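Descriptive structure summary
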Amino acid sequence: MPLWKVYHPVGAYTREDKHALSKRITGVYAEVPLPKFYVDVVFQEIPQDSFYVGGEPVRNFVRIHMDHIARQLTSEAAKTKFLARVEAAIAPFIKDRGFDWELHIDETPFDLWAVQGIRPPRAGTEDEKRWIVENRPSPRTDD
Amino acid sequence: MPLWKVYHPVGAYTREDKHALSKRITGVYAEVPLPKFYVDVVFQEIPQDSFYVGGEPVRNFVRIHMDHIARQLTSEAAKTKFLARVEAAIAPFIKDRGFDWELHIDETPFDLWAVQGIRPPRAGTEDEKRWIVENRPSPRTDD
Amino acid sequence: MPLWKVYHPVGAYTREDKHALSKRITGVYAEVPLPKFYVDVVFQEIPQDSFYVGGEPVRNFVRIHMDHIARQLTSEAAKTKFLARVEAAIAPFIKDRGFDWELHIDETPFDLWAVQGIRPPRAGTEDEKRWIVENRPSPRTDD
């Protein structure tokens, strides 16, 4: 959590771009705060002949699909704030480069999630705080 | 919205096939009506040694995963009708070509979605009507 | 249902590995019991420069995303038991090989799912029992 899948044109990003963008994305969640290692990003090149918007092939489009697990955005204020942070984080690599883009977030069940075989600690617990500080999963102590 | 991911065998479809199929898929949503540019389709070739059904490799199988965001299908009648439209839209490229196939739809939160940094207008609003007519996103006027 | 997407490093698995792992995954669902042909597994290689955890590229990480449709895990006991079965099924190809890993399950609407154009039978029906025994979809008789 989160799992980001970034579908982008072939050759749109260098290794350095992807590294830098993934750091910016990670920053959005580190601010929550959440453990940085929760943030998984998969970049996938989609050839123009396999990428369609409105029935037409696109060569300038980035589509992002996010799955959120650790936290749910419940209030309108939280949603607005979070989406604004995401847009700010990605803008240098998408909007500022002239790409079109679309993104959506799904929220999936907290209880159906495991990291290294461990079901992650609840929000705000001592275990979660330790996972944040150490930036790695470790055995839970709260149960 | 929707985001379709079409996992198919290597070489199953030509560029022309994918273009034509994406147009048919777009037609299903244009009928709702929804803006055509909402319809994103990603085709992805899966080699036989990476595609398994029931524990066996498949070379004749198409798996479609759809995320719906703009509308939810609430009644049994609406679900039945929608699935029938989808099956009719894809049949020339799947059933009629002898592929096996499976599809499922997830419905994800409307409020966690943005196109070009804009949260899309609600169903039936003047803004949505304009997006449909112009087939592109534009600043919202309703808030 | 389920649809498993296994994102893994380039070259992590041979054809034989993927076949064997998909059989183990299928076994988890066959035990429920569910028809074996419900179990779809897509393996996808992610190059190191496209795969990030916590903002850093990873070359030793397997990320699994599962969509469940046919059944929902409702009790804490059922979730714990299911996740333990999954971990046991995948361990020989992930933990025991020294990979890091993370997995999560989404549960999507039963009524928005079709196999070969047929909406699958409900849990425990005669139709479902026949689908299990025959390991293929066939016309429903219950409606």
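Our subject is the structure listed above.
In this report, we go over the structure that sits alongside the text. (Residues numbered from 1 in each chain as written. Chains lettered and ligands numbered in written order. Predicted model: local features only at pLDDT ≥ 70, side-chain atom pairs only at ≥ 80, totals over all residues. Heavy atoms only, no water.)

Some words on the packing of aromatic side chains
Put simply, the rule is: Two rings from Phe, Tyr or Trp (for Trp, the six-membered ring) form a pair when their centres sit within 6.5 Å of each other. Planes less than 30 degrees apart are called stacked, planes more than 60 degrees apart edge-to-face, and all others tilted. For every residue, the accessible area obtained with a 1.4 Å probe (protein chains only) is divided by the maximum for its type, and the residue is called buried under 20%, exposed over 50%, and partly exposed between those limits.
Scanning the entire structure with this criterion turns up 29 aromatic pairs over all chains. Centroid distance Phe37(B) to Tyr38(B): 5.2 Å. Interplanar angle 80°. Geometry classified as edge-to-face. Side by side, Phe37(B) and Tyr38(B) carry an identical accessibility label, which is buried. Taken together, Phe37(A), Tyr38(A), Phe110(A), Trp113(A) and Trp131(A) form an aromatic cluster joined through their ring pairs.

Here's the deal with the pattern of salt bridges
Residue and element names in this part refer to chain B. Inclusion rule: Salt bridges, as used here, are contacts in which a Lys or Arg side-chain nitrogen is within 4 Å of a carboxyl oxygen on Asp or Glu. By definition, any uninterrupted DSSP run of H or I lasting at least four residues is a helix, any uninterrupted run of E lasting at least two residues is a strand, and each is numbered from the N terminus.
In this structure the tally under the stated criterion is 39 salt bridges over all chains. Of the charged contacts in the structure, one is a salt bridge between Arg97 and Asp17, with a shortest N-O distance of 2.9 Å. Here the residue Arg97 occupies a position in the loop between helix H2 (76-90) and strand E6 (100-107), and Asp17 occupies one in helix H1 (residues 15-30), the gap between them amounting to 80 residues.

Regarding the relation of the copies chain A and chain B
As a reminder, the rule being used: A residue counts toward the fit only if its pLDDT is at least 70 in both copies, and the copies are then superposed by least squares on the C-alpha atoms of those residues. Contacts between residues were defined by any pair of non-hydrogen atoms, one from each residue, lying within 4.5 Å.
It takes a turn of 120° to lay chain A on chain B, together with a shift of 0.0 Å along the axis; the resulting RMSD is 0.0 Å. Taken together, the rotation angle and the small translation identify this as a three-fold axis. In this assembly, only 10% of the residues forming the interface of chain A have copies in chain B that are likewise at the interface, indicating a heterologous arrangement.

Brief notes about the interface of chain A and chain B
Note the cut-off: By buried area we mean how much accessible surface two parts lose on assembly, using a 1.4 Å probe and totalling the loss over both. For the purposes of these results, a polar contact is taken to be a pair of N or O atoms within 3.5 Å, where, inside protein, one atom must be able to donate a hydrogen and its partner to accept one; residues adjacent in sequence count only when each atom of the pair is a side-chain atom. Under the scheme applied, nonpolar residues are Ala, Val, Leu, Ile, Met, Phe, Trp, Tyr, Cys and Pro; charged residues are Asp, Glu, Lys and Arg; polar residues are all the others, including Gly.
At the junction of the two partners, chain A supplies 30 residues and chain B supplies 31 residues. The junction of chain A with chain B conceals about 2,700 Å² of combined surface from both sides, 49% of it contributed by carbon and sulfur atoms. Per-residue buried area on chain A facing chain B is highest for Tyr52(A), Glu102(A) and His104(A); these three make up 21% of the total on that side. Inspection of the chain A/chain B interface yields 5 salt bridges. Its salt-bridge partner being Lys79(A), residue Asp111(B) comes within 3.4 Å of it at the nearest N-O pair. Counting every contact that joins chain A to chain B gives 26 residue pairs in polar contact (both at pLDDT 80 or more). Broken down by secondary-structure element, the contributors of at least two residues to the side of chain A that touches chain B are strand E1 (3-9), strand E2 (40-46), strand E3 (51-53), strand E4 (56-57), strand E5 (61-68), helix H2 (76-90) and strand E6 (100-107) of chain A. For the side of chain A that touches chain B, the per-class residue count stands at 12 nonpolar, 7 polar and 11 charged.

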